[in-house]
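Below, each chain spelled out in residue letters.
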Protein chains: 2
Amino acid sequence: MAQNIYDQPEFFMGYSKLPRSIHGLGGAPEWPAIQELLPPLAGRRVVDLGCGFGWFARWATEQGAASVLGLDLSQRMIERAKAETGHPAIEYRIADLEHLELPKASFDLAYSSLVFHYIEDFDRLAKTVHHAIVRNGHFVFSIEHPIYMAAEQPGWLDDGSGRMTWPVRRYAAEGPRRTDWLARDVLKYHRTIGTTLNALIGAGFTIRHVQEWAPTAGQVAASPALAEELERPMILLVACQR
Amino acid sequence: MAQNIYDQPEFFMGYSKLPRSIHGLGGAPEWPAIQELLPPLAGRRVVDLGCGFGWFARWATEQGAASVLGLDLSQRMIERAKAETGHPAIEYRIADLEHLELPKASFDLAYSSLVFHYIEDFDRLAKTVHHAIVRNGHFVFSIEHPIYMAAEQPGWLDDGSGRMTWPVRRYAAEGPRRTDWLARDVLKYHRTIGTTLNALIGAGFTIRHVQEWAPTAGQVAASPALAEELERPMILLVACQR
């Protein structure tokens, strides 16, 4: 099963202090770009793969979603999500996406935010989601960008000119990467963009949009620290359709 | 119009000495991967965008292609291609892909090898190709990978540990890049993978395969210098269909 790093007290505490954990969707600078990729949700059945604190689930019901199923490996996440949610159309469940089973054609949208880089078998997951959504249904997700993940320990380098550059290494060597982020030895799986897209195409999806997320000029003006996201992408956004 | 670097004597002479110029398709290590993306060519009408010395055009007729139109901006390239070709089904023409016009639904396959990074307006070109190929027709091409292109002067960096890493910088800043390769001040246009794919999707294509090319273990064993291509991708392969 996937490494349950989110239930480790140290990681959970660090995660709870991230802007996106405190402020929700608005604390994630890629959220406006993701919103543009989402279909209208009124009356739709939604599954959120790796729902965390349930911010997206609650937002989806505010948009009129008929139901939201939020799945997360972490018991702490699910407990917190339940504690913050009172909407009867939202259900939370503990689930390991590595071995996920979902009923056939039972969702109009599958959504996931920054979770799939923890998944080893993305081929299987893409097929599972394809099976679970209706014809013309949508699958919209973000994942850590492989440029960000390829080198063992992500971090800026001085290239000798005083300018900071991002090191890429072992890009073609797909597989596990162990990094220190909020806790030691967090296990992620590096895949090229091509491999991710080909898994979706192989599962039967049509690719609708691929975006190597970068902040807008307005976002950088408001939050100058975001400027480094212009230098190398950290997040990949994908929208596809059954 | 696109910069006609290939007609500069210094560049042309350097280009003529590359393994892929001397040995043809077999001199390009990505060729076996491209071949797997091509449809059967027997009886098909092919257009080669940036045909160079005509290696692909001649190969296509060997596969039984009914006709091949080879287009290149460079008069020297076209002269050389004509001099080396005697097949009546192959026609070569000087053309600027930046302002290309092609007749409607007149090709079964559009092919291009390592040319589109010289093109500023890829949106227009994608629409032109979509217009020119038949329904279910194929569009298969290679382009310089944006990881390779993003930083101003591509080159390996020592990250301080003695290991060489590839620097990524200004990835989100799409647009011109001037580099020295075979000649000084070669003008190319950096685009993210997302932008390239979204241009194809916007033109009406369905993405079939995306491959950030890397050599096989067998290729690295035979040509150890190829090992650096495992560290960072230089070539992006895309197959799509109308």
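Refer to the structure above for everything that follows.
Residues numbered from 1 in each chain as written. Chains lettered and ligands numbered in written order. Predicted model: local features only at pLDDT ≥ 70, side-chain atom pairs only at ≥ 80, totals over all residues. Heavy atoms only, no water.

### Here's the deal with the nonpolar core
Counting residues in each nonpolar core, the largest one holds 80 residues, and the members touching the most others are A:Phe116, A:Phe139, A:Leu200, B:Phe116, B:Phe139 and B:Leu200. What A:Leu200 contacts, discounting residues up to four positions off in sequence, is A:Phe122, A:Ala126, A:Phe139, A:Phe141, A:Phe205, A:Ile207, A:Val238 and A:Cys240. (Core = buried A, V, L, I, M, F, W, Y, C linked by side-chain atoms within 4.5 Å. Buried < 20%, exposed > 50% of the residue type's maximum accessible area, 1.4 Å probe, protein only. Contact = heavy atoms within 4.5 Å.)

### Here's the deal with the relation of the copies chain B and chain A
Two copies of the chain are present, and they differ by a rotation about an axis and a shift along that axis. At an RMSD of 0.0 Å, chain B and chain A line up after a rotation of 180° and a shift of 0.0 Å along the axis. Such values leave the two copies arranged in the relation of a two-fold axis. For chain B, the residue whose C-alpha comes nearest the rotation axis is B:Pro167, separated from it by 2.5 Å. (Least-squares fit on C-alpha atoms with pLDDT ≥ 70 in both.)

### Here's the deal with the interface of chain B and chain A
It is common to give the size of an interface as the accessible area lost on bringing the parts into contact. Each side of the interface is counted separately: chain B has 32 residues, and chain A has 32 residues. Counting each side, the surface lost to burial between chain B and chain A is near 2,600 Å², with a carbon and sulfur contribution of 57%. It is B:Val168, B:Arg169 and B:Glu212 in chain B that bury the most area against chain A; as a group they hold 21% of the surface buried on that side. One can count 2 salt bridges joining chain B with chain A. Here B:Glu152 makes a salt bridge to A:Arg163, at a shortest N to O gap of 3.8 Å. Put simply, chain B and chain A have 20 residue pairs in polar contact (both at pLDDT 80 or more) between them. Contributions of two or more residues to the side of chain B that touches chain A are made by β7 (164–168), α8 (193–203) and β10 (206–212) of chain B. (Buried area = accessible area lost by both parts, 1.4 Å probe. Salt bridge = Lys/Arg side-chain N within 4 Å of Asp/Glu carboxyl O. Polar contact = N/O pair within 3.5 Å; in protein donor to acceptor, adjacent residues only side chain to side chain. Helix = DSSP H or I, 4+ residues; strand = E, 2+ residues; numbered from the N terminus.)

### Here we look at the pattern of salt bridges
All names here are of chain A. All told, the structure shown has 28 salt bridges over all chains when counted by the stated rule. A salt bridge links Asp185 to Arg178; the shortest N-O distance between them is 3.5 Å. On the basis of relative accessibility, which here comes to 46%, the residue Arg178 falls in the partly exposed class. Linking Arg232 and Glu228 is a salt bridge whose minimum nitrogen-to-oxygen distance equals 3.8 Å. Here Arg232 falls in the buried class, since its relative accessible area comes to 2%.

### As for the sheet that holds strand β5 (residues 133–144) of chain B
Strand pairing in a sheet relies on backbone hydrogen bonds, with the paired strands running either antiparallel or parallel. Residues and elements named next belong to chain B. In space, the 7 strands of this open sheet follow the order β3-β2-β1-β4-β5-β11-β10, with mixed pairing throughout. Across the chains shown, the open sheet's two edge strands, defined by having one partner strand only, are β3 (90–94) and β10. Averaged over all pairs of adjacent strands, the angle between their axes in this sheet comes to 15°, without regard to strand direction. As paired elements, β10 and strand β11 (residues 235–241) share 6 bridges and run antiparallel to each other. Within β11, the position partnered with Glu212 by the bridge is Leu236. Sitting on the sheet, helix α4 (residues 55–62) is in contact with β1 (45–49), β2 (67–72), β3 and β4 (107–113), with an inclination near 160° to β3. (Pairing = 2+ DSSP bridges. Axes fitted to C-alpha atoms, helices over the stretch in contact; angles between N-to-C directions.)

### Thoughts on empty space enclosed by the protein
In total, this model carries 2 cavities of 30 Å³ or more according to the counting rule given. Taken as a whole, the largest cavity encloses approximately 50 Å³ of empty space. Listed by contribution, the elements that provide at least two residues to the lining of the largest cavity are β5, α7 (146–149), β9 (183–190) and α8 of chain B. Its volume calculated, the second largest cavity comes out at about 50 Å³. The wall of the second largest cavity is formed by A:Ile143, A:Glu144, A:Pro146, A:Met149, A:Tyr189, A:Arg191, A:Thr192, A:Ile193, A:Thr196 and A:Leu236. Elements that contribute at least two residues to the lining of the second largest cavity include exactly β5 (133–144), α7 (146–149) and α8 (193–203) of chain A. (1 Å grid on protein atoms, 1.4 Å probe; cavity = no way out; pocket = protein on both sides within 12 Å on 5 of 7 lines; lining within 4 Å. Points joined across faces, edges and corners; volume = space filled by probe spheres on them.)

The quantities given are spatial measurements derived from coordinates; they are silent on function.
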